Amino acid sequence: MALPSPQSSAPSSAPSKDISRRGLMLVLSSPSGAGKTTISRRLLERDSGITMSVSATTRAMRPGEVPGVDYHFIDLPRFDQMVEDGEFLEYARVFGNCYGTPRGAVEEALGAGRDVLFDIDWQGTQQLGQNARDDLVSIFVLPPSGEELERRLHSRAQDSAEVIAGRMAKASDEISHWAEYDYVIINRDVEQSVAAVTAILHAERLRRRRQVGLPQFVKTVQAAL
Ligand SMILES: Nc1ncnc2c1ncn2[C@@H]1O[C@H](COP(=O)(O)OP(=O)(O)OP(=O)(O)O)[C@@H](O)[C@H]1O
Ligand SMILES: Nc1nc2c(ncn2[C@@H]2O[C@H](COP(=O)(O)O)[C@@H](O)[C@H]2O)c(=O)[nH]1
């Protein structure tokens, strides 16, 4: 995937507001119900430098979900057309439905030097890694236990008992990919998990290769010495 060149950006953890930086792709994956959505919402509230990637899906809308905010809800023929037209950065079949990341919004954000947050499964993470490994930072979110995972799925009260049973049956498969991720957190306490994700984000923003404006900045500093 050819990602666009970065513009100047000023995330809070950058050493200078004048140093341009490549936007990064921060991925959260987990078994269903471990807490990705909850962590993502709090991170987005607190960090204005990161934007959520809104996926397209063929699954039915849950109570309280907002089209265009939580997902772009589309039918299967439309999904297939988007696949054919190359409109997805990645896509996968998950729990019997199709999910994909529309390319345009992500490329626009990265091109403007903004970071993008993804809530996607291991298949999508692998696809992003194959195409843009240097721009990817991946975090796997584990539940504290299998019992707690099931409790959370029930407590969310948005899926039928049948859907929850299906997701629990796939949880072990999803967890088997944990070691493919850059970071792993155990989501016991939401606030601690958000703090951990924030720390990862801040450190990854400071990676030398992402601060593409550094050579020029260093030259300017040296010229004055
Ligand atoms: N640390 C936590 N302690 C207790 N409950 C939590 C915690 N994190 C999330 N939850 C609750 O667990 C439920 C599932 O969380 P959430 O919807 O964020 O999971 P998810 O990983 O995004 O699931 P999915 O993959 O199905 O979208 C929600 O009711 C949420 O409030
Ligand atoms: N590969 C992708 N996986 C995605 C995408 N959007 C969401 N997901 C994953 O699907 C499951 C189920 O989500 P839910 O909202 O129906 O509970 C979950 O693991 C998500 O991470 C996507 O665009 N690509």
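Residues numbered from 1 in each chain as written. Chains lettered and ligands numbered in written order. Predicted model: local features only at pLDDT ≥ 70, side-chain atom pairs only at ≥ 80, totals over all residues. Heavy atoms only, no water.

Helix and strand counts for the chain stand at eight helices and nine strands. The C-alpha atoms of the chain give a radius of gyration of 19 Å, which matches the 17 Å a tight globule of 225 residues would have. For the chain, the C-alpha atoms occupy an extent of roughly 70 × 40 × 30 Å along the three principal directions. Expressed as a percentage of its 225 residues, the buried residues of the chain come to 45%. (Helix = DSSP H or I, 4+ residues; strand = E, 2+ residues; numbered from the N terminus. Rg over C-alpha atoms; globule rule 2.2 N^0.38 Å. Buried < 20%, exposed > 50% of the residue type's maximum accessible area, 1.4 Å probe, protein only.)

Quick look at the pairing of strand β8 (residues 136–142) now. Buried residues dominate β8, accounting for seven of its seven residues. Taking every second residue as pointing to the same face, both faces of β8 are buried, with L136, S138, F140 and L142 on one and V137, I139 and V141 on the other. Of the pairings in the sheet, the one linking strand β1 (residues 25–29) to β8 comprises five bridges and is parallel in character. Looking across to β8, one finds that S29 is bridged to F140. Judged from the four bridges that link them, β8 and strand β9 (residues 183–186) form a sheet pairing that is parallel. Bridge pairing links F140 to V184 in β9. (Pairing = 2+ DSSP bridges.)

The subject of this paragraph is the sheet that holds strand β3 (residues 56–57). Pairing within the open sheet is mixed, and its four strands lie in the order β4-β3-β6-β5. Each edge of the open sheet is held by one strand with a lone partner, namely β4 (72–73) and β5 (88–94). Judged from the two bridges that link them, β3 and strand β6 (residues 97–102) form a sheet pairing that is antiparallel. Within β6, the residue paired with T57 across the bridge is Y99. Lying on the sheet, helix α2 (residues 76–84) is in contact with β3, β5 and β6; it crosses β5 at an angle near 140°. Sheet strands touched by helix α3 (residues 103–111): β5 and β6. Its angle to β6, the strand with the most contacts, is close to 30°. (Contact = heavy atoms within 4.5 Å. Axes fitted to C-alpha atoms, helices over the stretch in contact; angles between N-to-C directions.)

The UniProt feature table records "domain: Guanylate kinase-like" (unreviewed entry) at residues 23–202. What you have in residues 23–202 is 44% helix and 23% strand, and the ends, taken at the C-alpha atoms, are 12 Å apart. (UniProt positions renumbered as here; feature names shortened; annotations may be inferred.)

The next point concerns the site of ligand 2. Around ligand 2 sit 17 residues in total, of which R59, Y71, Y99, D119 and R167 are the nearest. Contact between ligand 2 and S55: an oxygen atom at 2.7 Å from a side-chain N or O atom of the residue. A total of 510 Å² of accessible area belongs to ligand 2 in isolation, and the protein chains cover 96% of it. Classifying every residue of the shell around ligand 2 by side-chain character gives six nonpolar, four polar and seven charged. (Near = heavy atom within 4 Å. Polar contact = N/O pair within 3.5 Å; in protein donor to acceptor, adjacent residues only side chain to side chain. Areas by Shrake-Rupley, 256 points an atom, 1.4 Å probe, with all protein chains shown as cover. Nonpolar A, V, L, I, M, F, W, Y, C, P; charged D, E, K, R; others polar.)

With that out of the way, let us pick up the site of ligand 1. Of all residues adjacent to ligand 1, which total 19 residues, the nearest are S32, K36, T37, T38 and R156. The separation between an oxygen atom of ligand 1 and a polar main-chain atom of G35 is 3.0 Å. Within the side chain of R152, one N or O atom sits 3.2 Å away from a nitrogen atom of ligand 1. Protein contact buries 81% of the 640 Å² of open area that ligand 1 shows by itself. When residues of the shell around ligand 1 are traced back to their parent elements, those giving at least two are α1 (36–46) and α5 (146–156).

The next point concerns a nonpolar patch on the surface. A surface patch of nonpolar side chains, amounting to about 390 Å² of accessible area, comprises F217, V218, V221 and L225. Mapped onto the elements of the fold, V218 is located in helix α8 (residues 214–223). (Patch = residues over 30% accessible without salt bridge, like charges linked within 9 Å, V, L, I, M, F, W, Y side chains within 5 Å. Salt bridge = Lys/Arg side-chain N within 4 Å of Asp/Glu carboxyl O.)

Mapped onto the secondary structure, L26 falls in strand β1. Along the backbone, L26 and S138 are 112 residues apart, and their C-alpha atoms lie at a distance of 5.9 Å. Here L26 is in contact with L43, I50, V116, L117, F118, V137, I139, V197 and L201, once residues within four sequence places are set aside.

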